[in-house]
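This is what each chain is made of:
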Number of protein chains: 2
Amino acid sequence: MDQKVGNRTVKFSNSPVILESAATGSKKESEGKLATDFDLLVPDPLWDEKSWETAESKFLKNAIIIAMEKAGLDWSQIGCIVSGDLMNQCTSTAFAIKDFHRPLLGVYGACSTMAESMLVASTFISSGFIDYAIAATSSHFCSAEKQFRTPLEYGGQRTPTAQWTVTGSGAAVLGKSGKGPKITHATLGKIVDRGVTDANNMGAAMAPAFVDTMINHFKDTGRNVSDYDLILSGDLGFVGRELAVRLMAENGLDFSTNYDDCGCMIYDRKKQDVHAGGSGCACAGTVFCGHIMRKLKSGELKRVLFAPTGALMSPTTCMQGENILGISYAIAIEG
Amino acid sequence: MDQKVGNRTVKFSNSPVILESAATGSKKESEGKLATDFDLLVPDPLWDEKSWETAESKFLKNAIIIAMEKAGLDWSQIGCIVSGDLMNQCTSTAFAIKDFHRPLLGVYGACSTMAESMLVASTFISSGFIDYAIAATSSHFCSAEKQFRTPLEYGGQRTPTAQWTVTGSGAAVLGKSGKGPKITHATLGKIVDRGVTDANNMGAAMAPAFVDTMINHFKDTGRNVSDYDLILSGDLGFVGRELAVRLMAENGLDFSTNYDDCGCMIYDRKKQDVHAGGSGCACAGTVFCGHIMRKLKSGELKRVLFAPTGALMSPTTCMQGENILGISYAIAIEG
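Residues numbered from 1 in each chain as written. Chains lettered and ligands numbered in written order. Predicted model: local features only at pLDDT ≥ 70, side-chain atom pairs only at ≥ 80, totals over all residues. Heavy atoms only, no water.

## Structural notes on the overall build of chain A
Applicable threshold: Here a strand is any run of E in DSSP of at least two residues, a helix any run of H or I of at least four, and the numbering for each starts at the N terminus. Here the globule rule reads 2.2 Å times residues to the power 0.38, and the radius of gyration is calculated from C-alpha atoms. Each residue gets one of three labels from its accessible area relative to the maximum for its type: buried under 20%, exposed over 50%, partly exposed in between, using a 1.4 Å probe on protein chains only. What makes two residues a contact is simply this: any of their non-hydrogen atoms within 4.5 Å. Here the open area of atoms and residues is found with the Shrake-Rupley method and a 1.4 Å probe, where only the protein chains shown may cover a residue.
Counting its secondary structure elements, chain A contains ten helices and 17 strands. For chain A, whose C-alpha radius of gyration is 18 Å, the value lies close to the compact-globule estimate of 20 Å for 335 residues. Out of the 335 residues in chain A, the part that is buried amounts to 67%. Counting only contacts in chain A whose residues sit at least 6 apart along the sequence, the fraction spanning at least 24 positions is 77%. By element, 49% of the accessible surface of chain A is carried by carbon and sulfur atoms, the whole surface being about 10800 Å².

Dropping the structure here:
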């Protein structure tokens, strides 16, 4: 049995192992600061497809294929693929994985999906339901702009607080045993609504949810900020990151040294026109499955707390004047 | 530890208990065959709201509130709400549950969501991660027509194979112990693609996925069709139900006696203009959480295999000519 710790956290009795992972990206990602940590960079974001949507599926499908090749498992060993994305009805996931002929658990956590899929996969492995799982997610700048904002052809101006959706996918192969970093704890996310309605300032909408999950994680586990080499949010970007540091300080937690955000890490702000940084499910997905996993495997990072955030909204709810709701799941990993 | 059985099934070591459940519905449901099994019927589908979307959230929110009142639990005991719906980015769920201030696992399984949410909640309870969970889902005829087909005002003609999306919600409170029917087994769903592209014939698109899950459930568990008092699909409707019976027969399984479909049960086809029957996440959700749970608790039903199906598609994928993908999760319940 896994051990319930506090209000929202579990300590896994059989810590699932992240056997391998892979990150795919496109042109913008190839020009960013973490380009060398991607497994595959395809310059053309359309990748020989007819639509942005099918291209996004292709980035996801190939991240899974590469992660599986690295793990050296047989497909029949995969008990379940846990995945979700930003497209309406999570279709990037459905069409990416259909030809693998493995069970699917579709999840929706917006840009927190990489952690939600890892959390669900870990629980299913630790419970004994399955032996191996794939946790994955994707996003695509062009499909996201088309669906959530305006078609690219419209050439709309972006506000300074707007972020750039990462094109690509992160996929991780998790197992009950084997070599690799272990997932020791997971903290569930709770919706936090602070009344933010600006769809061009997701960092501000999501930062309070990140803070809520952090406070609960430390309270539940009795751990301190300094127990981690790195605490990592998903795509708060430069605006949300600053807010998070300030809110954590107000709660007596010093996030000034060992905390960073994938949205601030992935692109080169000085050279790239990405405004407040990276965003999208693939932001946390690719940075974790590429950059962070390499550092965990090399031993450069030993203890990481990975806590991407999601904004639970749709164009319909925004246009109807509803608030943007935030959520954040946290995963504690030991190298 | 839960016991992995065969390829896609688990036998829970600590069978989670369905403590209570509730079903909410609207006018069409109040005129159907199962009207007396609903906990709340609100004639106005807009329910004093300004939009169909916020009304759908209200049906979901109230199903959860009623189920919780019946279960007599304190909100602080709920470790997690597992829910999803058909709205883009699953916003019915997010806005329905935000004020409960409990953790959320957002899932997306289209109209199979009631079983996916119960399967995930059961695994989290059985693993020890949480003690109590709410599994829920919703749909709304008007929000679904608006989003997936045409606005109601357009007055589009419906084809004979089209189904009527159920307005309402089903919610169940699951616990590690207590009085109520137990979830003994769960079989994961796998995407089945048979090349169906007609968005007005979901039954045909989903029936093969139901058959695939049934075959695997019986193979994995060694059980027979006759081991269940009732085998229940979610919203195949009259077209899909007939297909399912035929496909099962081709696989040597006799589904002619103890099998039914929620989409064929909920409305009164002779009096109501519902074409091929009911559909939507709330079809399986309300029929299970209302009608079936009452029979399980009274002892009229002892062993039920609940296996709703989902069609993984969006208007975008349909308009781009992609196939409609089917998936089905199965839950074995003992009264």
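## Quick word on empty space enclosed by the protein
Residues and elements named next belong to chain B. For the record, the criterion: The definitions used throughout rest on a 1 Å grid laid over the protein atoms alone, on which a cavity is an enclosed set of points accommodating a 1.4 Å probe that cannot get out and a pocket is an open set flanked by protein within 12 Å on both sides along at least five of seven lines; lining residues are those having an atom within 4 Å of a point. Grid points are joined across faces, edges and corners, and a volume is the space filled by probe spheres set on the points. Note on residue classes: Ala, Val, Leu, Ile, Met, Phe, Trp, Tyr, Cys and Pro are nonpolar, Asp, Glu, Lys and Arg are charged, and everything else, Gly too, is polar.
Inspection of every chain in the model, using the stated rule, returns six cavities of 30 Å³ or more. Approximately 230 Å³ is the volume found for the largest cavity. Residue lining of the largest cavity: 23 residues in total, with L86, C111, R149, M202 and S279 positioned closest to the centre. With three residues, the top contributor of residues to the lining of the largest cavity is helix α5 (residues 141-148). A class-by-class count of the residues in the lining of the largest cavity yields twelve nonpolar, seven polar and four charged.

## Looking at the interface of chain A and chain B
Rules: The buried area of a pairing is the accessible area, by a 1.4 Å probe, that goes missing from both parts when the two are put together, added over both. The term salt bridge refers to a pairing of a side-chain nitrogen on Lys or Arg with a carboxyl oxygen on Asp or Glu at a separation within 4 Å. Throughout this description, a polar contact denotes any pair of N or O atoms lying within 3.5 Å of each other; where both atoms belong to protein, one of them has to be capable of donating a hydrogen while the other can accept it, and for residues adjacent in sequence the pair is counted only when both atoms sit in side chains.
Counting residues at the interface gives 63 residues for chain A, matched by 63 residues for chain B. Carbon and sulfur atoms make up 63% of the area that chain A and chain B hide from each other, which totals about 5000 Å². The largest share of the area that chain A buries against chain B comes from Q89, F95 and F129 of chain A, three residues that together contribute 16% of it. For K98 of chain A, the salt bridge goes to D193 of chain B, with nearest N and O atoms at 2.9 Å. For the pair chain A and chain B, the number of links is 20 residue pairs in polar contact (both at pLDDT 80 or more). When residues in the side of chain A that touches chain B are grouped by element, the largest group, seven residues, is from helix α4 (residues 113-127) of chain A. When grouped by side-chain class, the residues that make up the side of chain A that touches chain B number 29 nonpolar, 22 polar and twelve charged.

## Some details on the relation of the copies chain A and chain B
Cut-off, in case you're wondering: Our superposition of the copies is a least-squares fit, built on the C-alpha atoms of residues whose pLDDT is at least 70 in both.
For the pair chain A and chain B, the relating rotation is 180°, the translation along its axis is 0.0 Å, and the fit reaches an RMSD of 0.0 Å. Expressed as an axis order, the relation between the two copies is that of a two-fold axis. Across chain A, the rotation axis passes nearest the C-alpha of V107 of chain A, at a separation of 2.0 Å.

## Let's talk about the pattern of salt bridges
Under the criterion given, the structure shown has 38 salt bridges over all chains. Put simply, K295 of chain B and E300 of chain B hold a salt bridge, and the shortest N to O gap is 3.3 Å. Judged by relative accessible area, which is 24%, K295 of chain B ranks as partly exposed. Residue classification places E300 of chain B among the exposed residues on the basis of a relative accessible area of 55%. Three or more residues joined by partner-sharing salt bridges are found here, namely K61, K98 and D99 of chain A together with D193 of chain B.

## Thoughts on the confidence of the model for chain A
Residues shown with low pLDDT carry predicted positions that ought not to be read at fine detail. Cut-off, in case you're wondering: pLDDT measures the predictor's confidence residue by residue and takes values from 0 up to 100.
Here chain A shows a mean pLDDT of 97. Residues at 70 or above account for 100%. For this predicted complex, the interface score ipTM comes out at 0.98, while the overall pTM is 0.98.

## Regarding the layout of surface pockets
In this structure, the largest pocket spans a volume of roughly 620 Å³. Looking at which element gives the most residues to the lining of the largest pocket, the answer is helix α5 (residues 141-148) of chain A, with four residues. In terms of residue class, the lining of the largest pocket is made up of 20 nonpolar, 13 polar and four charged. Estimated volume of the second largest pocket: approximately 400 Å³. What lines the second largest pocket is a set of 22 residues, among which E145, R149, T150, Q157 and N200 of chain B lie closest to the centre.

## Some thoughts on the packing of aromatic side chains
Our working rule: Centre distance within 6.5 Å is the pairing criterion for rings of Phe, Tyr and Trp, where only the six-membered ring of Trp is used; planes under 30 degrees apart are then read as stacked, over 60 as edge-to-face, and the remainder as tilted.
Throughout the structure, instances matching the rule amount to 22 aromatic pairs over all chains. Between the aromatic rings of F129 of chain A and F12 of chain B, the centroid separation amounts to 6.5 Å while the plane-to-plane angle is 85°, which identifies the pairing as edge-to-face. Linking F129 of chain A in the loop between α4 and β7 (132-139) with F12 of chain B in the loop between β2 (9-11) and β3 (17-25), this pair reaches from one chain into another. In terms of burial, F129 of chain A and F12 of chain B fall into one category: buried. With a centroid separation of 4.6 Å and an interplanar angle of 25°, the aromatic rings of F288 of chain B and F306 of chain B are classed as stacked. With F288 of chain B in helix α9 (residues 281-298) and F306 of chain B in strand β14 (residues 303-307), the pair connects residues that are 18 residues apart, well separated along the chain.

## Brief notes about the packing of helix α6 (residues 202-221) of chain A against helix α7 (residues 237-250) of chain A
Residue and element names in this part refer to chain A. Cut-off, in case you're wondering: Between N-to-C directions, angles cover 0 to 180 degrees, with each direction set by a line fitted to C-alpha atoms, over the stretch in contact for helices. Less than a right angle of anticlockwise turn of the near helix away from the far helix marks a crossing as left-handed, whereas a clockwise turn marks it as right-handed.
Interhelical geometry of α6 versus α7 gives an angle of 35° and a closest axis separation of 8 Å. In terms of crossing hand, the pair formed by α6 and α7 is right-handed. Here G203, A204, A207, P208, F210, V211, M214 and I215 of α6 come into contact with α7, specifically with G240, L243, A244, L247 and M248. Residues of the contact of α6 with α7, tallied by class, amount to eleven nonpolar, two polar and no charged.

## As for unusual backbone geometry
One non-glycine residue with positive phi stands out, namely A110 of chain A, at about 50°. Examined against the element boundaries, A110 of chain A turns out to sit in the loop between β6 (104-106) and α4.

## Some words on helix α9 (residues 281-298) of chain A
All names here are of chain A. Basically, it comes down to this: Multiply 1.5 Å by the residue count of a helix minus one, and that product is the helix's expected span. A residue's bend is the angle separating two fitted axes: one through the seven residues that end there, the other through the seven that start there.
Its 18 residues place the ends of α9 25 Å apart at the C-alpha level, agreeing with the 26 Å of an ideal helix rising 1.5 Å per residue. Of all the bends in α9, the greatest measures close to 35° and is centred on I292. Of all 18 residues making up α9, 14 are buried, and the element is well covered by its neighbours.

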